[in-house]
Amino acid sequence: NELDFDGFVAPGFEADAGRVVRRFHRPDAEQPAFLVTSHVADTAAAAHADLVTWLAGLQSPQRMPSVEGLGDVAYMGASGAAEGAVAWVAFLRGNVFVRLSNFDAHLEPGLALVDMARAIDLTLLEAPQLVEGARPARPMVQTLSLSKTEVVAGARVHLEVEVADANGGKPHLQWTLGGAGLGYVERAADGELYLHTTGPGRIDLELEATSSMGTYTRAQVSLEVWDD
């Protein structure tokens, strides 16, 4: 999860069912310069499906040029913003799909997306390889509980969470609230997590935990929030 490129910063990442998106900015810019999307699939075939889906969605009848020496297979798309500008690069390495996208090639026509992709690929090559037929290890949610299951709107509820990362790293936690109730999760000054309830109704709080190697798992806990 810890990608680093000179001259750019990424404040964090967004995850959805194992598809991780990182937005890299110039230090003094609000708009991202480029995005890195990755998916650690269970199998190489599933990663190939990610690449096929991406290529099938392109609005071009032309065959996309391949990139030699990158991943197991790689393609790129040129941008009309300037000569030599690259709009995107997508590649596979085993069961991992990666895509780099220029956020606005007119503003950043000189982005070396292919070189950045090669740097990511080298990082992947350093990772331990799975034995034939094995699936990547997922994080394990060992504890997910709320101190109360019924509260009045406005209450702050302590959230106990423990996630084990099989790869020995620090898992990334992302929260989604479903149901009619309203609220948000925040880490307090004491380092503890709390669910702040702001509107009545049932809240289904879902945790998506992403491991240091990009695999994920989900867990859910619920509570009722009353008007008074």
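Coordinates for the structure precede this section.
Residues numbered from 1 in each chain as written. Predicted model: local features only at pLDDT ≥ 70, side-chain atom pairs only at ≥ 80, totals over all residues. Heavy atoms only, no water.

Draft legend 1. Highlighting the overall build of the protein chain. Along the protein chain, the regular secondary structure elements total two helices and 14 strands. Projected onto the principal axes, the alpha-carbon positions of the protein chain cover approximately 65 × 45 × 35 Å. Every one of the 228 residues in the protein chain was classed for burial, and the buried ones make up 40%. Of the roughly 12,600 Å² of accessible surface on the protein chain, 50% is carried by carbon and sulfur atoms. Side-chain charges of the protein chain comprise 16 positive and 31 negative groups, with the mean position of each set lying 4 Å from the other. (Helix = DSSP H or I, 4+ residues; strand = E, 2+ residues; numbered from the N terminus. Buried < 20%, exposed > 50% of the residue type's maximum accessible area, 1.4 Å probe, protein only. Areas by Shrake-Rupley, 256 points an atom, 1.4 Å probe, with all protein chains shown as cover. Lys, Arg positive; Asp, Glu negative; His and termini not counted. Charge placed at Lys NZ, Arg CZ, Asp CG, Glu CD.)

Draft legend 2. Spatial organisation of the nonpolar core. Residues Phe 8, Phe 34, Val 89, Phe 91, Leu 100, Leu 113 and Met 116 are the most contacted members of the largest nonpolar core, which totals 23 residues. At the level of secondary structure, the elements contributing two or more residues to this core comprise strand 3 (34–40), strand 4 (73–78), strand 5 (86–93), strand 6 (96–102) and helix 2 (113–126). If you tally residues by element for this core, the top one is helix 2, at five residues. By size, the runner-up hydrophobic cluster in this structure holds 17 residues, among which are Trp 175, Leu 195, Leu 207 and Val 221. (Core = buried A, V, L, I, M, F, W, Y, C linked by side-chain atoms within 4.5 Å.)

Draft legend 3. Looking closely at the environment of Ala 166. Note on placement: Ala 166 falls in the loop between strand 9 (156–164) and strand 10 (172–178). Judged by relative accessible area, which is 57%, Ala 166 ranks as exposed. Ala 166 sits 26 residues away from Glu 192 along the chain, and the two C-alpha atoms are 23 Å apart.

Draft legend 4. Region of interest: the layout of surface pockets. Approximately 1,000 Å³ is the volume attributed to the largest pocket. If you go around the largest pocket, you meet 35 residues; those closest to its centre are Val 40, Asn 95, Val 96, Ala 127 and Pro 128. For the lining of the largest pocket, the elements supplying multiple residues, two or more each, are strand 3, strand 6 and helix 2. Take the lining of the largest pocket: its biggest share by element is four residues, from helix 2. Roughly 410 Å³ of internal volume is contained in the second largest pocket. In terms of lining, the second largest pocket is formed by 17 residues, of which the most central are Asn 1, Glu 2, Leu 3, Gly 12 and Phe 13. Taken together, the elements giving at least two residues each to the lining of the second largest pocket come down to strand 2 (19–24) and strand 10. For the lining of the second largest pocket, the per-class residue count stands at nine nonpolar, four polar and four charged. (1 Å grid on protein atoms, 1.4 Å probe; cavity = no way out; pocket = protein on both sides within 12 Å on 5 of 7 lines; lining within 4 Å. Points joined across faces, edges and corners; volume = space filled by probe spheres on them. Nonpolar A, V, L, I, M, F, W, Y, C, P; charged D, E, K, R; others polar.)

Draft legend 5. Spatial organisation of the pairing of strand 12 (residues 193–199). Most of strand 12 sits inside the fold, with six of its seven residues counted as buried. Alignment of strand 9 against strand 12, held across four bridges, turns out to be antiparallel. From the neighbouring strand, His 158 faces strand 12, where its bridge partner is Tyr 194. For strand 11 (residues 182–187) and strand 12, the ladder comprises six bridges, and the chain directions are antiparallel. From the neighbouring strand, Glu 186 faces strand 12, where its bridge partner is Tyr 194. Connecting strand 11 to the antiparallel partner strand 12 that follows it, the hairpin turn spans five residues, and Gly 191 within it adopts a positive phi of roughly 90°. (Pairing = 2+ DSSP bridges.)

Draft legend 6. Region of interest: the pattern of salt bridges. Taken as a whole and assessed by the stated rule, the structure comprises 12 salt bridges. For Glu 108, the salt bridge identified is with Arg 26, shortest N-O distance 3.0 Å. Placement of the pair is Glu 108 in the loop between strand 6 and helix 2 and Arg 26 in the loop between strand 2 and strand 3, with a sequence separation of 82 residues. Note on Glu 108: relative accessible area 15%, which makes it buried. (Salt bridge = Lys/Arg side-chain N within 4 Å of Asp/Glu carboxyl O.)

Draft legend 7. How the structure looks around the sheet that holds strand 13 (residues 201–210). Taken in spatial order, the four strands make up an open sheet running 8-14-13-10, and their pairing is mixed. Whereas interior strands pair on both sides, the edge strands pair on one side only; in this sheet they are strand 8 (150–152) and strand 10. Averaged over all adjacent pairs, the angle separating strand axes in this sheet is 30°, with direction ignored. Note: strand 13 against strand 14 (residues 216–226), 10 bridges, orientation antiparallel. (Axes fitted to C-alpha atoms, helices over the stretch in contact; angles between N-to-C directions.)

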